[in-house]
Amino acid sequence: MDVIIAANFNRLLEVQLVGDAAIDASSTWEEAIRSARGEEYVLFNSFNCEDHFNPQAAAAFRDIPITRITIGTHLQLPGC
């Protein structure tokens, strides 16, 4: 019997921004980031480099269906 233990793995959840609800959720998240860190922080995608705004994203996208889940190591994440 093989036992596989996942350690040091990443999770990447994605949603398609189609439909009013998903677009509204992204606008809500963007506004939370913009009001806390400013326009340049959003324009340069600096939020991809940290998890500070994950709670706001989770709240905004709570009712939006996840369209893809990727679990593994060495994932291709958005650049900083």
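Keep in mind it's a predicted model, so treat the numbers as computed, not measured.

## Regarding the overall build of the protein chain
Along the protein chain, the regular secondary structure elements total 3 helices and 2 strands. Relative to its full complement of 80 residues, the protein chain shows a buried share of 19%. Within the protein chain, counting contacts between residues at least 6 apart in sequence, those at least 24 apart form 73% of the total. Here the protein chain displays about 6400 Å² of accessible surface, and carbon together with sulfur accounts for 54% of that area.

## Side note on the confidence of the model for the protein chain
Model confidence for the protein chain is summarised by a mean pLDDT of 78, while 70% of its residues fall at 70 or above. Least confident of the elements in the protein chain is strand E1 (residues 10-14), whose mean pLDDT is 66; most confident is helix H1 (residues 20-37), at 93.

## Looking at the nonpolar core
Across soluble globular proteins, nonpolar side chains have a tendency to be buried as a group. Counting residues in each nonpolar core, the largest one holds 6 residues, listed as Ala-22, Ala-25, Ala-57, Ala-60, Phe-61 and Ile-64. Broken down by secondary-structure element, the contributors of at least two residues to this core are H1 and helix H3 (54-60). One finds Ile-33, Tyr-41, Phe-47 and Phe-53 within the second-largest nonpolar core, a separate group that totals 5 residues.

## Regarding the environment of Ala-60
Among the secondary structure elements, Ala-60 is positioned in helix H3. Between the C-alpha atoms of Ala-60 and Trp-29, which are 31 residues apart in sequence, the distance is 6.1 Å. Discounting chain neighbours no more than four positions away, the residues touching Ala-60 are Ala-25, Thr-28 and Trp-29.

## Some points on the side chain of Ser-26
Within the element layout of this structure, Ser-26 appears in helix H1. Under the relative-accessibility criterion, Ser-26 is labelled buried at 17%. Beyond its immediate chain neighbours, meaning those up to four positions away, Ser-26 contacts Leu-17 and Phe-61.

## Let's talk about the packing of aromatic side chains
Scanning the model with the defined rule gives 3 aromatic pairs in all. Three or more aromatic residues joined by ring pairs form one cluster here, namely Trp-29, Phe-47 and Phe-61. When the ring centre of Tyr-41 is taken as reference, the NZ or CZ atom of Arg-37 above it lies at 5.1 Å.

## Comments concerning the pattern of salt bridges
Tallied over the full model, the rule gives 3 salt bridges. As a salt-bridge pair, Arg-34 and Glu-30 come within 1.8 Å of each other at their nearest N and O atoms. Of the two residues, Arg-34 and Glu-30 are both situated in helix H1; the distance of 4 residues between them amounts to about one turn of the helix. When its relative accessible area of 32% is taken as the criterion, Glu-30 is described as partly exposed. Across the salt bridge formed by Glu-50 and Arg-37, the nearest N and O atoms sit 3.4 Å from each other.

Reading the values: the criteria
Residues numbered from 1 in each chain as written. Predicted model: local features only at pLDDT ≥ 70, side-chain atom pairs only at ≥ 80, totals over all residues. Heavy atoms only, no water. Helix = DSSP H or I, 4+ residues; strand = E, 2+ residues; numbered from the N terminus. Buried < 20%, exposed > 50% of the residue type's maximum accessible area, 1.4 Å probe, protein only. Contact = heavy atoms within 4.5 Å. Areas by Shrake-Rupley, 256 points an atom, 1.4 Å probe, with all protein chains shown as cover. pLDDT = per-residue confidence, 0-100. Core = buried A, V, L, I, M, F, W, Y, C linked by side-chain atoms within 4.5 Å. Phe/Tyr/Trp six-rings, centres within 6.5 Å; stacked < 30°, edge-to-face > 60°. Lys NZ or Arg CZ within 6 Å of the ring centre and 35° of its normal. Salt bridge = Lys/Arg side-chain N within 4 Å of Asp/Glu carboxyl O.

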